[in-house]
Amino acid sequence: MLDQTDTLKDRLQDTALLPGAGDFAAQGRLAVRDPATGSVIAQVAISDQTGARAAVDAAQAAFADWSAMLPQKRAAILHRWHALILEAREDLARIMVAEQGKPISEARGEIDYAASFVQFYAEEASRPNIEGVTSHLSDAEMELWREPVGVAALVTPWNFPSAMITRKAAAALGAGCTVVIHPSAETPLSALALAVLAQRAGFPDGVVNTVIGDAATIVGEWTADARVRALSFTGSTEVGRLLYRQSADTVKRLVLELGGHAPFIVFQGADLDRAVAEAIKAKFATSGQDCLGANRFYIHRPVYEAFCARFTAAVEKLTLAPGMQDADLGPLIHDRQVAKQQAHVDDAVTRGARLLTGGRVDDAQGPLFYLPTVLADVSDDAAIMREETFGPVAALTPFDSEDEVIARANDSEYGLVAYVHSMDPRRIYRLTRALQYGMVAVNRTKVTGAPIPFGGMKQSGIGREGARQGLEAFTEIKYVCRDWA
Ligand code: NAD
């Protein structure tokens, strides 16, 4: 097992230089910091444009053999990767805490979640990839073949540094693609550790390639390269739009998992204690740095004051500490995240909101520890009601009618997930139909998992990850018509 600091640092400095794990034409070092303390925990080799191209060279060279390998053999390697991830669960969780800051229980949960995608796609990889079609021509046989698209570029964020990699990579690899991976600069160690385990699992050289470096340079090289046939990106809508445009010239297959700005709707008649407990999870998991995080809480006016009081009381019990102390919340990832929380709180208060708790940094803990915060009576024109806050600030507002709350919930460029609490099945049916969200969660919060298609409508993204659809995103359909007459 790794302790934090020295052992971790030593081990990962070595791993960063293993083939396939970030050694592409190394051009310097990136300092990785622990957000809880600000101290440097590792130096990682970084690559430039030449390294990014070398990674595609390697992936392209490996593609023919990997895509031609029997699906069962690819599946066996994925199964080994899955087993190695679970074996290294504690190490991986501690690495994640050290660079990302989340509480250790959440980090362990993420490793399990990350591993579940590898297992799921190990199984999906060996399912049939040829479908028959009802013929519209006499004497002809028709089939649809699903073929791997080619080299796939995978670009991932820092908030789920392991699961966002495996959700993409296992699907792409299971489909028969080779991959080039660019993780966030904040969390390269989790990515490198997964790359090392992939190598130990037996992926042939060139199949899995992890490149650390300046994002615009590395990913820009990949979007410009016609050999990269698919791009799967998880991150902000702003960067997603940029990569969408950059991918146009080479007409890449795209999966974009972008921002969320989830509404959390509570009706009179819902189990209020349960709604409060689920609201705490929906807002404060990963310290609020979650694309599924609830941002806007619409509460039916007859239960509004009761919800505000119970929710605030529950929030005031939440604890905040460095991740290894396993409190409810850890530090935010960097000072821009802290500045955004404060800007959203100040803006809402200026527009008439009541600050019920929090609203500032917990100086006793350190500059990146933002107190869990509740704002009530937040007006719809406040920045927090329009933009993703991506942190531990909850904005509450009352509503009077079903039509009103549907209109307000849908009045957003985002459409990733919506949460609804009600015990009235007809109301739930109407809401589920009307909400323009890729996922609707009724009376609970944690609803995602490897077998379900995860993704958003509108500017929350394109395509789905997880489930069979996640693997098919890395394939092309080839229609074959054979006439023997
Ligand atoms: P980000 O968009 O800043 O970065 C994501 C990735 O893109 C990183 O690897 C980064 O290095 C890279 N990147 C940044 N600028 C780039 C550029 N100019 N060219 C190419 N690549 C670039 O996002 P983030 O701050 O790391 O993550 C937070 C965002 O991710 C939030 O908006 C959140 O909602 C979103 N997110 C979405 C999902 C989902 O599944 N929908 C999951 C997790 C996070």
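Here, residues in each chain are numbered from 1, in the same order as that chain's written sequence. A pLDDT threshold of at least 70 governs which residues receive local features in this predicted model, and a stricter bar of 80 or more applies before side-chain atom pairs are shown or counted, although totals over entire chains, interfaces and linings include all residues. To get the side-chain values, all heavy atoms of the structure are used, and hydrogens and water are removed first.

You'll find the protein entered in an unreviewed UniProt entry as NAD-dependent succinate-semialdehyde dehydrogenase, with Paracoccus aestuarii given as the organism. Per UniProt, the comment on the protein under Sequence similarities (unreviewed entry) is "Belongs to the aldehyde dehydrogenase family." UniProt positions are given in the numbering used here, feature names are shortened, and annotations may be inferred rather than shown by experiment.

Undergrad: How do you make sense of the packing of helix α10 (residues 272-284) against helix α11 (residues 301-316) when you look at a structure like this?
TA: A pair of packed helices is characterised by two quantities: the angle between their axes and the separation of those axes. It is at 10 Å that the axes of α10 and α11 come closest, and there the two elements cross at 55°. Classed by the angle they form, the pair α10 and α11 counts as oblique. You can see that α10 and α11 cross each other, and the crossing is right-handed. Along its contact with α10, which presents Leu272, Asp273, Ala275, Val276, Ala279, Ile280 and Phe284, the element α11 presents Val303, Ala306, Phe307, Arg310, Phe311, Ala314 and Val315. Classes in brief: Ala, Val, Leu, Ile, Met, Phe, Trp, Tyr, Cys and Pro nonpolar; Asp, Glu, Lys and Arg charged; the others, Gly included, polar. Here the residues of the contact of α10 with α11 are counted per class, giving twelve nonpolar, no polar and two charged. Between the N-to-C directions of two axes lies an angle of 0 to 180 degrees, each axis being a line fitted to C-alpha atoms and, for a helix, fitted only over the stretch in contact. The secondary structure listing takes helices from DSSP runs of H or I that are at least 4 residues long and strands from runs of E that are at least 2 residues long, numbered from the N terminus. An angle below 35 degrees is read as roughly parallel, one above 145 as roughly antiparallel, one from 65 to 115 as roughly perpendicular, and any other as oblique. Take the far helix as the reference: if the near one is turned anticlockwise from it by less than a right angle, the crossing is left-handed, and if turned clockwise, right-handed. Between two residues, a contact is recorded if the distance between any of their heavy atoms is within 4.5 Å.

Undergrad: Help me understand the UniProt feature "domain: Aldehyde dehydrogenase" (unreviewed entry) in the protein in this model?
TA: UniProt's entry tags residues 28-480 with the feature "domain: Aldehyde dehydrogenase" (unreviewed entry), counted in the numbering of this structure. Annotated as 43% helix and 22% strand, the span residues 28-480 places its first and last C-alpha atoms 49 Å apart.

Undergrad: Explanation requested: the packing of aromatic side chains in the structure shown.
TA: Any pair of aromatic rings gets described here by the distance separating the centres and the angle formed by the planes. Only Phe, Tyr and Trp rings are paired, with Trp represented by its six-membered ring, and only when their centres lie within 6.5 Å; those with planes under 30 degrees apart are stacked, over 60 edge-to-face, the remainder tilted. A complete count under the given rule lists eleven aromatic pairs for this structure. Seen from their ring centres, Trp158 and Phe390 are 5.6 Å apart, and the 75° between their planes marks the pair as edge-to-face. Taken as a pair, Trp158 in the loop between β5 (151-155) and α6 (163-175) and Phe390 in the loop between α13 (383-386) and β14 (393-399) lie far apart in primary sequence, 232 residues in all. Side by side, Trp158 and Phe390 carry an identical accessibility label, which is buried. Between Phe267 and Phe399 the ring centres are 5.2 Å apart and the planes differ by 80°, which places this aromatic pair in the edge-to-face class. Of this pair, Phe267 sits in the loop between β10 (262-266) and α10 while Phe399 is found in strand β14, placing the two residues 132 residues apart along the sequence. In this scheme, a residue with accessible area under 20% of its type's maximum is buried, one over 50% is exposed, and one in between is partly exposed, where area comes from a 1.4 Å probe on protein chains only. Residue Phe399 is classed as buried on the basis of its relative accessible area, which comes to 0%.

Undergrad: What am I meant to see in the sheet that holds strand β20 (residues 475-483) here?
TA: Here, any two strands with at least 2 DSSP bridges between them count as paired. Spatial strand order, β3-β4-β20: three strands in an open sheet with antiparallel pairing. Both outer strands of the open sheet, β3 (130-132) and β20, are each paired with one neighbouring strand and no more. Ignoring which end each strand starts from, the neighbouring axes of this sheet average 25° apart. Relative to strand β4 (residues 140-148), β3 runs antiparallel, the two sharing three bridges.

Undergrad: Before we go on, may I ask you to explain the pattern of salt bridges in this structure?
TA: Should the charged atoms of two oppositely charged side chains come close, the side chains can pair. Any Lys or Arg side-chain nitrogen found within 4 Å of a carboxyl oxygen on Asp or Glu counts as a salt bridge. One pass over the structure, following the stated rule, counts 31 salt bridges. Where Glu90 meets Arg108, a salt bridge forms, and the shortest distance between an N and an O atom there is 2.8 Å. In this pair, Glu90 is assigned in helix α4 (residues 89-100) and Arg108 in helix α5 (residues 104-125), connecting sequence segments 18 residues apart. Take Arg108: its relative accessible area is 23%, and that puts it in the partly exposed class. The closest approach of N and O atoms between Arg468 and Glu472, which form a salt bridge, is 3.4 Å. Of this pair, Arg468 and Glu472 both sit in helix α16 (residues 467-472), four residues apart, which is roughly one turn of the helix. Since its relative accessible area comes to 22%, Arg468 is described here as partly exposed. The exposure class assigned to Glu472 is partly exposed, which follows from its relative accessible area of 24%. What emerges from the salt-bridge pattern is a single network uniting Glu124, Arg127, Arg146, Arg468 and Glu472.

Undergrad: Whenever I open this one, the nonpolar core confuses me. Can you help?
TA: Across soluble globular proteins, nonpolar side chains have a tendency to be buried as a group. We call a set of buried residues a nonpolar core when its members are Ala, Val, Leu, Ile, Met, Phe, Trp, Tyr or Cys and they connect through side-chain atoms within 4.5 Å of each other. If you look at the biggest cluster of nonpolar residues, it comprises 66 residues, and the most contacted ones within it are Leu78, Trp81, Ile85, Leu173, Phe203 and Phe474. Looking at this core, the element that brings in the most residues is α5, giving twelve residues. Judged by nonpolar contacts, the second largest core, of 38 residues, contains Ile280, Val315, Leu320 and Ala394.

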